[in-house]
Amino acid sequence: MRRDILWAAVALVMGLILLAAGAYNRRPLSASLQDVTPFLPATVPVQLLAIPVLLTCLGVAVRRSRPVGALALGTTGITLDLVFGYSLGTIIIFTDNLYAATLYGPARLGRWLFGVISAVAIVSGSMIAFFFHDLRLFAVTTAELGLIGTMPVATALIVRQFRTQAELERARAEQVARLAELDRREAVEAERARMARELHDMIANHFSAIAIQSTAVLSRKDLDMATVRGILESVRENSVQGMAEMRSMIGLLRQNGEKAEAIRRRVAEVDELATRAREAGLDVRLRVEGEPRELPAAVDLAGYRIIQESLTNALKHGGERVDLTVEYGAGTIILVADNPVGASRRALRRHGSPDLPSAGAGIVGMRERASLVGGSFEAGPYEEGWRVHAELPTKESSVLPGGRVL
């Protein structure tokens, strides 16, 4: 608003300077038509030409806040100017009134002004040519009025269109930024879930073995020193391995980039899982069917973690024996773990030891791993025990884009 008032003051000064310099016509256009308008004087005082200049400058002062009012003031001023004798300053300032009304006023006003000004130019040219009986005046008058009136309107329409497009692009950019932020948050949540699965699968197996072996030592009073020493060595080995895997996970998280091979685990290492489970007191009967082969990284890690979690659950809640089967099929790998739940729980009760606490994340994590590589997963009661059955596709197309390890 303050800037518009400043521009209005500058326009007023320039308009008065043009009047002082003689850039006006004191003889009204209607003076040539005395037969039609005999009540108008042939000339008017130059001071009266300052009134249209003042009115159009008032329109400049409210060009943004009251664009329609600015157009009304400008139209009144230019009309008086033509009656008194047109001046160059009023005409120039009136073009700004037209520009501001089109740019800041209602959207339909600009198109309406363009049509009205074009019609006025044609009608004015026709009337002047009719009264003066000169067709050349029609062309000159129509061109002058058309350029003076339509150019500001057309310019404002173009500027308004560009501003509208800029606002749309800005809104679209903000929307893209919001979507990017939502994607980032989703990626962070997915990464946190993946890290939680990794930590659970790495640590739960070792700590479950440690807890069960410690419980056995505390609950049995008839163990000799050799047996106790063997159990403590197994506890120490599980502790060291758990700490080593934890350090590997922390080291991977501190690295820049995605280097999943740092904690790559393979189904081919299932013998090590079975050995550790046996050292913890679980009778693991492993059977491998088919020809072992190299698997996609994501499938390899998912299968390893499913086997690890199955043995951990059997160690915590199941029986003394687990029948573990790894079958390499055509385009798939099938993992099956069977263990007698009922016998285990009766044995635990006889020794006065309840089941170990569980967060309930094991089965959920196994199902998620199988689903993420396009496989299937089932876990539940089977005959007199509990069965975990997972079938994972081994084709490269089943791996997530970029070979990202789950």
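Rules of the game
Residues numbered from 1 in each chain as written. Predicted model: local features only at pLDDT ≥ 70, side-chain atom pairs only at ≥ 80, totals over all residues. Heavy atoms only, no water. Helix = DSSP H or I, 4+ residues; strand = E, 2+ residues; numbered from the N terminus. Buried < 20%, exposed > 50% of the residue type's maximum accessible area, 1.4 Å probe, protein only. Areas by Shrake-Rupley, 256 points an atom, 1.4 Å probe, with all protein chains shown as cover. Axes fitted to C-alpha atoms, helices over the stretch in contact; angles between N-to-C directions. Parallel < 35°, antiparallel > 145°, perpendicular 65-115°, else oblique. Left-handed = near helix turned anticlockwise from the far one by under 90°. Contact = heavy atoms within 4.5 Å. Nonpolar A, V, L, I, M, F, W, Y, C, P; charged D, E, K, R; others polar. Core = buried A, V, L, I, M, F, W, Y, C linked by side-chain atoms within 4.5 Å. Polar contact = N/O pair within 3.5 Å; in protein donor to acceptor, adjacent residues only side chain to side chain. Expected span 1.5 Å × (residues − 1). Arc of directions from axis to C-beta. pLDDT = per-residue confidence, 0-100. 1 Å grid on protein atoms, 1.4 Å probe; cavity = no way out; pocket = protein on both sides within 12 Å on 5 of 7 lines; lining within 4 Å. Points joined across faces, edges and corners; volume = space filled by probe spheres on them. Phe/Tyr/Trp six-rings, centres within 6.5 Å; stacked < 30°, edge-to-face > 60°. Lys NZ or Arg CZ within 6 Å of the ring centre and 35° of its normal. Patch = residues over 30% accessible without salt bridge, like charges linked within 9 Å, V, L, I, M, F, W, Y side chains within 5 Å. Salt bridge = Lys/Arg side-chain N within 4 Å of Asp/Glu carboxyl O.

Participant: Would you take a moment to explain the overall build of the protein for this structure?
Facilitator: Looking only at helices and strands, the protein has eleven helices and five strands in total. When burial is assessed residue by residue, the protein has 38% of its 406 residues classed as buried. In the structure as shown, the protein presents an accessible area of about 23000 Å², 62% of it carried by carbon and sulfur atoms.

Participant: Explain the packing of helix α3 (residues 67-84) against helix α4 (residues 88-104) here, please?
Facilitator: As a packed pair, α3 and α4 sit with axes 8 Å apart at the nearest point and diverge in direction by 155°. Between α3 and α4, the angle falls in the class roughly antiparallel. Read as a crossing pair, α3 and α4 show a hand that is left-handed. Together, Pro 67, Ala 70, Leu 71, Gly 74, Thr 75, Gly 77, Ile 78 and Asp 81 of α3 and Thr 90, Ile 91, Phe 94, Asn 97, Leu 98, Ala 100, Ala 101 and Tyr 104 of α4 make up the contact between the two elements. For the contact of α3 with α4, the class distribution of residues is ten nonpolar, five polar and one charged.

Participant: I'm lost on the nonpolar core in this one. Help?
Facilitator: Nonpolar side chains in soluble globular proteins generally cluster together in the buried interior. If you look at the biggest cluster of nonpolar residues, it comprises 33 residues, and the most contacted ones within it are Ile 307, Ile 333 and Leu 392. Those elements that place two or more of their residues in this core are α8 (270-279), α9 (297-317), β2 (321-328), β3 (332-339), α11 (361-372) and β5 (385-393). The greatest single-element share of this core, amounting to nine residues, is contributed by α9. Ignoring sequence-local partners within four residues, the contact set of Ile 307 consists of Val 267, Val 270, Leu 273, Leu 324, Val 326 and Leu 335. Counting residues in each nonpolar core, the second largest holds ten residues, with Ala 11, Val 53, Ala 61 and Ile 93 among its members.

Participant: Just to check I follow, could you spell out the side chain of Thr 312 for this structure?
Facilitator: Within the secondary structure, Thr 312 is located in helix α9. From its side chain, Thr 312 meets the backbone oxygen of Gln 308 in a polar contact 2.9 Å long.

Participant: Explain helix α1 (residues 2-20) here, please?
Facilitator: Residues lying three or four places apart along an α-helix face the same way, a consequence of the helix completing one turn every 3.6 residues. The end-to-end C-alpha separation of α1 is 27 Å, in line with the 27 Å expected for 19 residues at 1.5 Å each. Among all positions in α1, only Asp 4, Ala 8, Ala 11, Gly 15 and Leu 19 are buried. Taken around the axis of α1, the buried residues stretch over an arc of 75°, which confines them to a single face. Turned more than 90 degrees off the buried face of α1, the exposed positions are Arg 2, Arg 3, Leu 6 and Ala 20. On its buried face, α1 sits against α2 (50-61) and α4. Immediately beyond the C-terminal end of α1, within one or two residues, lies Gly 22, with a positive phi of roughly 90°.

Participant: What's the story with the confidence of the model for the protein in this structure? I'm lost.
Facilitator: Reading fine detail from the predicted coordinates is not recommended where pLDDT is low. Looking at the protein as a whole, its pLDDT mean stands at 78, while 77% of the residues score no less than 70. Within the protein, the element-level pLDDT minimum falls on helix α10 (residues 341-350), averaging 50, and the maximum on α2, averaging 92. Every residue in residues 258-262 scores below 50 in pLDDT, and together they form seven contacts with partners more than four places removed in sequence or on other chains. In this model residues 343-359 is a low-confidence stretch, pLDDT under 50, and it forms 24 contacts with partners more than four residues away in sequence or in other chains.

Participant: So what exactly am I meant to see when it comes to empty space enclosed by the protein here?
Facilitator: Which parts of space are left empty comes out when a probe the size of a water molecule is rolled across the atoms. What the rule picks out here adds up to one cavity of 30 Å³ or more. Its boundaries defined by the atoms lining it, the largest cavity holds a volume of some 30 Å³. Every residue along the wall of the largest cavity is listed here: Ile 306, Ile 307, Ser 310, Leu 324, Leu 335, Val 336, Ala 337 and Val 388. Secondary-structure elements contributing two or more residues to the lining of the largest cavity are α9 and β3. Its residues placed into classes, the lining of the largest cavity shows seven nonpolar, one polar and no charged.

Participant: How do you make sense of the packing of α8 against α9 when you look at a structure like this?
Facilitator: Pairs of packed helices are described in terms of their axes, by the angle between the two and the distance that separates them. Two elements in contact, α8 and α9, have axes whose closest approach is 10 Å; the angle formed by their N-to-C orientations is 10°. Compared by their axis directions, α8 and α9 come out roughly parallel. Together, Val 270, Leu 273, Ala 274, Arg 276 and Ala 277 of α8 and Tyr 304, Ile 307, Gln 308 and Leu 311 of α9 make up the contact between the two elements.

Participant: Would you explain the packing of aromatic side chains in this entry?
Facilitator: Any aromatic ring pair is given by two values, namely how distant the centres are and how the planes are angled relative to each other. One pass over the structure, following the stated rule, counts zero aromatic pairs. Directly above the ring of Tyr 382 sits Arg 387, whose terminal nitrogen or CZ lies 3.7 Å from the centroid.

Participant: Whenever I open this one, a nonpolar patch on the surface confuses me. Can you help?
Facilitator: Taken together, the side chains of Leu 6, Trp 7, Val 10, Val 13, Met 14 and Ile 17 make up a nonpolar region of the molecular surface, amounting to roughly 610 Å² of accessible area. Topologically, Ile 17 is positioned in helix α1. Residue Ile 17 is classed as partly exposed on the basis of its relative accessible area of 46%.

Participant: What's the story with the pattern of salt bridges in this structure? I'm lost.
Facilitator: Side chains that differ in sign of charge can pair as their charged atoms come close. Summed over the entire model, instances satisfying the criterion amount to nine salt bridges. Asp 96 serves as the salt-bridge partner of Arg 63, at 3.1 Å between the closest nitrogen and oxygen. Here Arg 63, found in the loop between α2 and α3, pairs with Asp 96, found in helix α4; they are 33 residues apart in sequence, far enough to count as distant. Among the residues examined, Asp 96 registers a relative accessible area of 22% and is labelled partly exposed. Overlapping salt bridges, with partners in common, bring together Glu 181, Arg 184 and Arg 185 in one network.

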